[in-house]
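Summary of structural features
These are the residues of each chain, in order.
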Amino acid sequence: MFFSGDPSTRKRVDLGGRSTKERDRQKLLEQTRLERNRRLWLRQQNSAALQIQKCFRGRKAVEAERVKVREQFFLTYGKRCQNVDRHCFGPDSDFLSQLLFFFNPESVTDFSTLVEACRLLQQFVENGGGILGLFAGIGYSTKHAHVEYRAKQVAYACIQAVHRNRIQLKDQLFMTSSESSASTILLLETVVLLIDPCLPWACKIVSYLLQRNTLSLFREIALVGKDIGLWKGGKCVALKGFVNVKSFCGFITVRSVSSFPLKVAFIARKAAREAQWSTAALKFMFNLFPTVTRICGIYCKLLLDKLGLIFEKSANSQGSVRQVSSLERLLALIMSHICQRPCICPNIAPEWSFASQILTIPFLWQIFPFLKETFTTPELSQHYFHQMALCAKSNAKVLPNDISSEFPGYACLLGNVLEAAGVAFAQPDCPLDMVRKIKLVGNGVYRGSVATRYPTKVCVAFSAIDFVTIATFLLEALPPIQAGSKEIVTLSVVNIKLSWLCSLYIFFNIASDSIMAEDEMIVGDDSKVKDLNKDLEKQISNAIDPRFLLQLTNVLFRGLPLVNGSYKERPSDKEVAAVGAACAFLHVTFNILPLERIMTVLAYRTELVLVIWNFMKRCHENQRWSYLSEQFAYLPADAPGWLLPLAVFCPVYKHMLMIVHNEEFYEQDKPLSLKDIRCLVVILRQALWQLLWLNPVPLKPTMDVSALKKHPVEFIQHRVSIVASELLSQLQDWNNRRQFTPPSDFHADGVNENFMSQAMIENTRANDILRQAPFLVPFTSRVKIFTERNGSHAVFARNRFRIRRDHVLEDAFNQLSTLSEEDLREPIRVTFINEFGVEEAGIDGGGIFKDFMENITRAAFDVQYGLFKETTDHLLYPNPGSGMIHDQHLQFFHFLGTILAKAMFEGILVDIPFATFFLSKLKQKYNYLNDLPSLDPELYRHLIFLKHYEGDISELELYFVIVNNEYGEQTVEELLPGGKNARVTNENVITFIHLVANHRLNFQIRQQSSHFLRGFQQLVQKDWIDMFNEHELQLLISGSVDGFDIDDLRSFTNYAGGYNSEHYVIDMFWEVLKEFSVENQRKFLKFVTGCSRGPLLGFKHLEPTFCIQRAAGNASEEALDRLPTSATCMNLLKLPPYRRLSISHLNWCKPGGNYRGSSEHQQPMLCRKAIGYTCDQSAGQDVHMLGLLQYHRSDARYTDAGPSKLVLPAISA
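Residues numbered from 1 in each chain as written. Predicted model: local features only at pLDDT ≥ 70, side-chain atom pairs only at ≥ 80, totals over all residues. Heavy atoms only, no water.

- Under the annotation held in an unreviewed UniProt entry, the chain carries the name HECT-type E3 ubiquitin transferase and is attributed to Escallonia herrerae.
- According to its UniProt record, the chain has this under Sequence similarities (unreviewed entry): "Belongs to the UPL family."
- The chain has a UniProt comment under Catalytic activity (unreviewed entry) that states "S-ubiquitinyl-[E2 ubiquitin-conjugating enzyme]-L-cysteine + [acceptor protein]-L-lysine = [E2 ubiquitin-conjugating enzyme]-L-cysteine + N(6)-ubiquitinyl-[acceptor protein]-L-lysine." (UniProt positions renumbered as here; feature names shortened; annotations may be inferred.)

**Regarding the pairing of strand E12 (residues 961-966)**
- Only one face of E12 is buried: it carries Ile962, Asn964 and Glu966, and the other face, with Val961, Val963 and Asn965, is open.
- One ladder, built from six bridges, connects E12 with strand E13 (residues 969-974); its direction is antiparallel. Within E13, the position partnered with Glu966 by the bridge is Glu969.
- Between E12 and E13, which follow one another and run antiparallel, lie two residues, and Tyr967 among them has a positive phi close to 55 degrees. (Buried < 20%, exposed > 50% of the residue type's maximum accessible area, 1.4 Å probe, protein only. Helix = DSSP H or I, 4+ residues; strand = E, 2+ residues; numbered from the N terminus. Pairing = 2+ DSSP bridges.)

**A short note on the UniProt feature "active site" (unreviewed entry) in the chain**
- Those places that UniProt annotates as "active site" (unreviewed entry) correspond, in this numbering, to Cys1129.
- When you line up the elements, Cys1129 lands in the loop between strand E16 (1125-1127) and strand E17 (1132-1135).
- Taking the relative accessible area as the measure of exposure, Cys1129 reaches 13% and is therefore buried.

**Describing the confidence of the model for the chain**
- When the pLDDT values of the chain are averaged, the result is 76; 73% of them are 70 or greater.
- Considering only residues more than four positions removed or in separate chains, one finds that residues 1142-1213, a stretch of pLDDT under 50, has 124 contacts. (pLDDT = per-residue confidence, 0-100. Contact = heavy atoms within 4.5 Å.)

**Comments concerning a nonpolar patch on the surface**
- A cluster of nonpolar residues, Met884, Ile885 and Tyr967, forms a patch on the protein surface that exposes about 310 Å² of accessible area.
- Among the structural elements, Ile885 can be located in the loop between strand E11 (876-878) and helix H42 (889-906). (Patch = residues over 30% accessible without salt bridge, like charges linked within 9 Å, V, L, I, M, F, W, Y side chains within 5 Å. Areas by Shrake-Rupley, 256 points an atom, 1.4 Å probe, with all protein chains shown as cover. Salt bridge = Lys/Arg side-chain N within 4 Å of Asp/Glu carboxyl O.)

**With respect to the nonpolar core**
- Counting residues in hydrophobic clusters, the biggest one holds 293 residues, and the most contacted among them are Phe467, Tyr653, Leu731 and Phe852.
- Per-element tally for this core: the top contributor is helix H33 (residues 674-694), with 13 residues.
- The contacts of Phe852, once residues within four sequence positions are left out, are Phe801, Ile803, Val808, Ala812, Val830 and Phe832.
- Core analysis: the second largest hydrophobic core is formed by 24 residues, Trp1070, Phe1076, Leu1085 and Phe1106 among them. (Core = buried A, V, L, I, M, F, W, Y, C linked by side-chain atoms within 4.5 Å.)

**So, unusual backbone geometry**
- A cis geometry characterises the amide bond from Lys670 onward to Pro671, with omega recorded as -5 degrees.
- Residue position: Pro671 is located in the loop between helix H32 (662-666) and H33.
- The backbone of Gln924 shows a phi angle near 60 degrees, a positive value even though the residue is not glycine.
- With a relative accessible area of 39%, Gln924 lands in the partly exposed category.

**What to know about the packing of aromatic side chains**
- Per the stated rule, a full pass over the model turns up 53 aromatic pairs.
- Aromatic side chains Phe861 and Phe868 sit 4.9 Å apart centroid to centroid with 50 degrees between the ring planes, which places their arrangement in the tilted category. Exposure class is identical for Phe861 and Phe868. Each is buried.
- Among the aromatic residues, ring-to-ring pairing joins Phe354, Trp365, Phe375, Tyr384, Phe385, Phe425, Phe467, Phe548 and Phe585 into one connected group.
- Sitting above the plane of the Tyr666 ring, Arg738 keeps its charged end 4.4 Å from the centroid.
- For the cation-ring pair, Arg765 lies above Trp693, with the distance from its terminal atom to the ring centre recorded as 5.3 Å. (Phe/Tyr/Trp six-rings, centres within 6.5 Å; stacked < 30°, edge-to-face > 60°. Lys NZ or Arg CZ within 6 Å of the ring centre and 35° of its normal.)

Here you go:
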């Protein structure tokens, strides 16, 4: 508490400043640090300068020494190596040591010296002894290190010499071994000799060359001579002459296996120089090779490579022999080195591997066709596919720099890999789907006979899946390949052999404008991606052809269960891997290549639909979707597991349903059973609701393929939402044709008031669902939205029509055609002119317009007028021969489209039953074979008979023409160019069937439908119509064909003038109305509302509400003699207070009877009058007020007071 006198214990107080001593100390430390760094930098500079000087002096010394050694070498061995013998290549000679020491590949003299040395080396080897004895003598085991070092240096020097002089030697790069005088051939053939697989140092030399990145040198060499190689690659030389085959085969059988390959090569090459070989002899030799190959392994397989020849078989000849370039044989030896056992080659970086450096050469297999044959052997292709798949999975950037923007490395690699895979998959008993265990042995990992380098001890690999992984990875980076211009398919009598797939391809080319509209939007061009070279695009697109897809799916799905499997079993790991790989590859392919090239073969030639459906159903039944998310490598673990399968299944199955006919779908359970389809509907509905409402895609629908790389998950979600909604809409169409599941199965469970309120607003999530997947929303809810969006809301009408009763159609056409689109949306008031030219009394409050609309539609759509025809089911469709009756028939169709749109716009139901295929035209949909029954069931049955005809169809004498018979005038139209001369055969009958259906459903009425649609869309937008399918659209136009619900009408009826719901007259009224037939009930509804059909949503939505008003104050005899009147614009019925009616009186009342009698007998007559009936004694039949309105219009009158009231005069009984 008090100061003790010790200053060390005194509390220090910081006053916020620093002493000058401390500042000086910090400054001194900083200066010292800077000085220390400056001196260190000076020492480093001096040290670097000394090293540079030493290096420079060393190089000068080495160069001087090289000059001395070069001079001494030329003095000893001569500039042309004229003093060199076979002992100079031995281990004790300085010939190779001196040559390799001073060799400079850019020096012409040194280059010539090395070429001459190689020529002598090959000459000494051919004369006998072998290259092993030439290099090592008899003491290889004691001098192997020195011998191997010199062999490595010689091989690398030869490759370096060719690489450094590749520009000057470009004409020699692809020469064959027969042209042995060429310097390039001598150098490359020397390397071939040095890395022969039978030599003990072969693995070490190949390992040394790979470590020196010689594959990059070969890449640059091949790129320089690429154009020449492309020309020579397709050259096929047929060798003629004879050879002593017996002596040749005898040599094969007596020589030892170890020296067989080399000796055969040299003897065969010498024989080829001295005498030409016959093709027969070579063929005999090739037939012998399989047996020899089993003895000598892969060495004998490369015998032709050593000979420099390839035997090729073609369709036009028995065989020919093509020469192979030395560069190609050298690459084949290096590439196939992995098949040698044991292999001690160390790991090399992936960017310097064969796949990165050589397979990225554009059109590699055209330059080196023999290299392609070697690469596609099972062991090699498996190894390299797996090696590339590891890089793809790790997203390693291992490709060299692009040659140009038109030849990116990934695209060149993709084209070469696809071509090679096509050849590999085409081999019989392709083993690429087999599971192989990889065991660690020594320093290498062996898979079968393939040596690899992977740090795992045991793993499982699928080579086909490896290939799919590579192809998917590379396809994602590829810009979309657009379909070329559509070629006109011409058929002739000679070459009309079209396969079933080609037939479907032609048909889909016809319909591609409508089928591919959405897909073309998704696969739009990315303006930021430069176009590929056209030949490269062609190589890639041609590689993924139908045959390739068929082979790939067969390999991937081999052994997987189909639909008949047990759904209680969970998918195996192999099945998950195969389906995931196939779906990832096809999903990317669908967005890159034109769909019409690949979709047909997937739908009809493969088991893709069955395999994926069986897989999805088992996952759905066993709740395994989350497990798939973890196993699929293409998508992250948090993505839904059903995304990938649905992305592929939906478009393929949708494509299949376009061609399947009704019997196959409903009765034969092709391709899926109806039970499975019901399950599919549930899966699609749940997936769509999750994608569109619960977890919506944040990306815009206009995104293109660039999003595939930037946002793969969002892109596939968007893609699945499109294809799933299209498929579910198509399944709903099938359900409307013949119901196999309740319509409610298509409705989402989460549609509530909140959803409906959002659906009314543009650019909301619910509104987007209504546009993309309207079937998820119940029909009644969509009708509410439609009615609220449409209808004129103006109070006053600017447009008034004067319509003559006997010229309704003509007057309406002339006056309505002058209105603009804006005027059409406004209310229209109608005044009728009777046959005497006098305006009929009355004020149009809407009821007269309803009457006008029903009259004009009845007249215009009457088949007697000639614009429309009827099917066998009495459904209407445009008359193909309308132009023969009306000159202005197309203008009339435009007018009728406007009339129909106006009726729907105003909510007026009209009794016009359209054919289903014509309603598809209002939705701008394309009609297919399964739509033909709605037009001509008999023609449909005949076409299906042709499809399943087992005999020779050509005997039926059918041609690609169709005969039209309109009003007795027959015309013949060709279905294809040259169709008159193209006979229908078993090969092209599918084409004929679909072309006939296309002609009848689409082509024949294209003009009428187009003009009708233009008029229709003046008032009703396409987005509004797309909310409904064809069946629902017919309900929207005409309402239900069944009678209306009288109880529903009674529940929503108002009463006025003293009536109430319990009044005896009202009870009597409803009882009598229920006794009426459906037709008479509709006539009553027509009398009181102006329309014979009830509202779609029930009478609750009738505007205004139906009302029954008392017509007189008391039930006097004068009041009882009055007939009921109606105000249709107000939906008002004025009913006099008739007395109670007994059922016996109702039964006694019969047509033609005399109702004038006692007051008791007058009641039933008056009750009949109450609902609009009276007795016409002359006709002897019941006459409805609607009939009087139509046939006795001159006797009717309209009152001017109040609402429009129709008063019909009584007819005396």
